[in-house]
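# Survey of secondary and tertiary structure
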Amino acid sequence: MMKLGCCYYPEHWPEDIWTEDAKRMVQMGLSQVRIGEFAWSRIEPSPGQFEWDWLDRAIAILADAGMEIILGTPTATPPKWLVDSMPDMVAVDEQGNPRKFGSRRHYCFSHQPYREQCRRITTAMAERYGENPAIVAWQTDNEYGCHDTIVSYSEAAKIGFRRWLADKYDHVDALNTAWGNVFWSMEYRSFDEVDPPNLTVTEPNPAHVLDYRRFASDEVVSFNKLQVDILRPRSPGRDMIHNYMGFFTEFDHHTVAKDLDVASWDSYPLGFLEQFWFSDEEKLRYTRQGHPDIAAFHHDLYRGCCAGGRWSVMEQQPGPVNWARYNPAPLDGMVRLWTLEAMAHGAELVSYFRWRQAPFAQEQMHAGLLRPDSEVAPGGDEAAMAAADIQQLGQIGETAKSVALLFSYEAAWLFEAQPQGQSFRYLELVFEMYSALRELGLNVDIIAPDAPLDDYKMIVVPSLPILSPSLVERMAQMNVPVLFGPRTGSKTADFAIEADLAPGPLQQLIPLKVSRVESLRPGMAEKGADYDVTRWIETVETDLPSDEALEDGRGVVFSNGSVRYLASWPPAPLIKRVFADMGKKAGMAIYDLPRDLRIRQLGDLHFAFNYGTEDIDLTDHMQSGKLILGDSLIKSAGVAAWKAG
Ligand code: GAL
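Just so it is clear, the model here is predicted, and its values are computed rather than measured.

### Some details on the overall build of the chain
A tally of helices and strands in the chain yields 18 helices and 25 strands. For the chain, whose C-alpha radius of gyration is 25 Å, the value lies close to the compact-globule estimate of 26 Å for 645 residues. Considering only C-alpha atoms, the chain reaches an extent of 75 × 70 × 40 Å along its principal axes. The buried share of the chain, taken over its 645 residues, is 60%. Considering only contacts in the chain between residues 6 or more positions apart, those separated by 24 or more positions represent 71%. Summed over all atoms, the accessible surface of the chain reaches about 25200 Å², with 50% contributed by carbon and sulfur. In the chain, the 61 positive side-chain charges and the 91 negative ones have mean positions that sit 1 Å from each other.

Below is the structure:
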């Protein structure tokens, strides 16, 4: 059964309230607690001088109350004495400015002496607590990349990049050829001449940028692995977890997850709605709920990260946050809804950030389950309600595979390096396709391009600019509806145009060639039947008839057997029609859900979530079945669940 938990900072509170806190957590229905991830200055106040007593007592008190503990390594917050002892350990931004001490994440992933310090503190913690029966899992560091900290232009990163290039290319001539450095006399005579791609006069070579992004991502992978390799042998049987972020593509989460047991993420639906690309209309409509697909998108993405499909929510927004432009309170019911929605997507844990609102420092305006005066905040009441619902629903099975959506971090880096039109944003493209699938009531698994495809009934590839021949071969073996989106197969692995033009190797599955591409500025639209194409349109040469065409006759969707190609940014009505057709051909039930309603199936349970401010009559949107939670008139911010049959 899904567990509930919270993030707790005993070092922020007088010791005489720890016991009461632990007791109240249990009363609220929580059973796991994450601690420690920012506590370096209290664990090691000066070099080599460890103070474990307070943490020993905190762990004992929480454990005595019956709480299971997730212990964080404190490497996201190196203390002042450490930074002062090696001032060049900080990351350097694109403008060449070092990031200073005074908040968090002030380190560069490539700084080898800092890695030594991480090794030291992680080893010390693992040796002290690795076998402690209360510790059930470890969280490595905290939110890799938060505050724009993946790509660093430091001296340490420069040295690391040169080594990475030498490993990859062996000889600098190979690098010159791969990047096309004859262009603008950019050729190098040795790897030691290559710098990070910042502060160039005009744009740097996109192949240079893409390799730098690959390098930066690999640095995160090895940084994380360093900690996991210390923790695993010293803490047998405990889960290795990292807490990923929302709408974040700066490193390859699939590769990092190869070293983890559980991929967790930090869910702040209202903050994400406010900070990302959503329209003003959407921001107002969903201001207290979050867009109906924000949380689900990440649940489905992170479920696809660890080999066993294990995932959780390490931080759940319990009320207003402090960090978005505007920070409204969730509608009554939303904290419960978000919790149960994570359950409907198969989470093992939803842990609220944080137990009690801090009265001091940067996050004093960030709500907790308790107010700063220790009274229960609205989020705390809803956590308790969710705990009761989870008990009522009992054990739930697993879901059969239905739609696979292929997601590539490398694609995000490539399109950032060369968007060819400001509004061509990969994450948005993927999200729009995901939303269209959800509006049809489909269950989606977001998976890596090299993940197994067996048993999926339908496959969506929003775009895969570097298309591996092996994926094309695997697709050729499948006989289920597949859609490839714009710019698929348009680039080689070295970031050059495919010799046969786009869609490159995909031409083996569908005989067409993209002869010209255009990006469209806001306000420009190419007219189709019941839709406008915006942002991006391709001209396609082919003998195939088109399935969907613009008024001027240019084809937008083509198909060859079960394979479809979409030659534009996806207009909502068009993509829903195409997906509905694919889904029906695949034998899946297709719904036409109202804008604010989402459904999901887990085992033999069906869930419905109302993201709107009005009641919705569910009867039209549920197949026959017996309601076991909620009513068929589903209230604003309400949840219903029923068993099919
Ligand atoms: C997360 C972070 C937490 C806390 C929280 C506030 O990004 O991991 O430490 O800062 O945001 O919403």
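Back to the text.
### A closer look at the sheet that holds strand β25 (residues 639-644)
Ordered by their spatial adjacency, four strands build an open sheet running β20-β21-β25-β23, and the pairing between neighbours is antiparallel. Of all the strands in the sheet, the pair left with one neighbour each is β20 (597-602) and β23 (625-629). Pairwise comparison of adjacent strand axes, ignoring direction, gives a mean angle of 25 degrees for this sheet. Pairing of β23 with β25 involves four bridges; the strand directions are antiparallel. When the bridges of β25 are listed, L629 appears paired with A641.

### Comments concerning helix α15 (residues 409-417)
Judged by how many residues are buried, α15 sits mostly within the fold: seven of nine residues are covered. Taken as a whole, α15 has its buried residues at Y409, A411, A412, W413, L414, F415 and A417. Buried residues belonging to α15 abut α8 (206-234), α9 (253-257), α12 (294-303) and α16 (426-439). Its side-chain oxygen placed 3.3 Å from the backbone nitrogen of E410, S408 serves as the N-cap of α15.

### Some points on the site of the ligand
In the vicinity of the ligand, the contacting residues are F38, R104, N142, E143, D266, Y268, E315, W323, F353, E363 and H366. Interatomic distance of 2.9 Å between a side-chain N/O atom of N142 and an oxygen atom of the ligand. With respect to the ligand, the side chain of H366 contributes an N or O atom lying 2.7 Å from an oxygen atom. Here the ligand, which alone exposes 310 Å², has 96% of that area covered by the protein. Its residues assigned to classes, the shell around the ligand comprises four nonpolar, two polar and five charged.

### A short note on the nonpolar core
In this structure, L30, W179, Y244, F297 and F579 are the most contacted members of the largest nonpolar core, which totals 181 residues. For this core, the leading source of residues is α8, giving 13 residues. Excluding its chain neighbours within four sequence positions, the residues that come into contact with Y244 are F251, H253, V256, A257, L260, A263, S264, W265, D266, Y302 and C305.

### Here's the deal with the pattern of salt bridges
Counted by the stated rule, this structure contains 51 salt bridges. Note that R595 is salt-bridged to E281, the shortest N-O span being 2.9 Å. Of this pair, R595 sits in the loop between α18 (572-585) and β20 while E281 sits in helix α11 (residues 280-285); the two residues are 314 residues apart in sequence, bridging distant segments of the chain. For R595, a relative accessible area of 39% puts it in the partly exposed group. The partly exposed category is assigned to E281, whose relative accessible area is 42%. Linking R303 and D300 is a salt bridge whose minimum nitrogen-to-oxygen distance equals 2.9 Å.

### What about the sheet that holds strand β3 (residues 68-72)?
Around the barrel, eight strands lie side by side as β1-β2-β3-β4-β5-β6-β7-β8; this closed barrel has parallel pairing. Each adjacent strand pair in this sheet contributes to an overall mean axis angle of 25 degrees, direction not counted. By the bridge criterion, four bridges tie strand β1 (residues 3-7) to strand β8 (residues 349-352) in an arrangement that is parallel. Each residue of the ladder has a partner; that of K3, found in β8, is L349. Against the sheet, helix α13 (residues 334-344) makes contact with β1, β7 (311-316) and β8, and its axis sits at roughly 150 degrees relative to β8, the strand it touches most.

What counts, and where the lines are drawn
Residues numbered from 1 in each chain as written. Predicted model: local features only at pLDDT ≥ 70, side-chain atom pairs only at ≥ 80, totals over all residues. Heavy atoms only, no water. Helix = DSSP H or I, 4+ residues; strand = E, 2+ residues; numbered from the N terminus. Rg over C-alpha atoms; globule rule 2.2 N^0.38 Å. Buried < 20%, exposed > 50% of the residue type's maximum accessible area, 1.4 Å probe, protein only. Contact = heavy atoms within 4.5 Å. Areas by Shrake-Rupley, 256 points an atom, 1.4 Å probe, with all protein chains shown as cover. Lys, Arg positive; Asp, Glu negative; His and termini not counted. Charge placed at Lys NZ, Arg CZ, Asp CG, Glu CD. Pairing = 2+ DSSP bridges. Axes fitted to C-alpha atoms, helices over the stretch in contact; angles between N-to-C directions. Polar contact = N/O pair within 3.5 Å; in protein donor to acceptor, adjacent residues only side chain to side chain. Near = heavy atom within 4 Å. Nonpolar A, V, L, I, M, F, W, Y, C, P; charged D, E, K, R; others polar. Core = buried A, V, L, I, M, F, W, Y, C linked by side-chain atoms within 4.5 Å. Salt bridge = Lys/Arg side-chain N within 4 Å of Asp/Glu carboxyl O.

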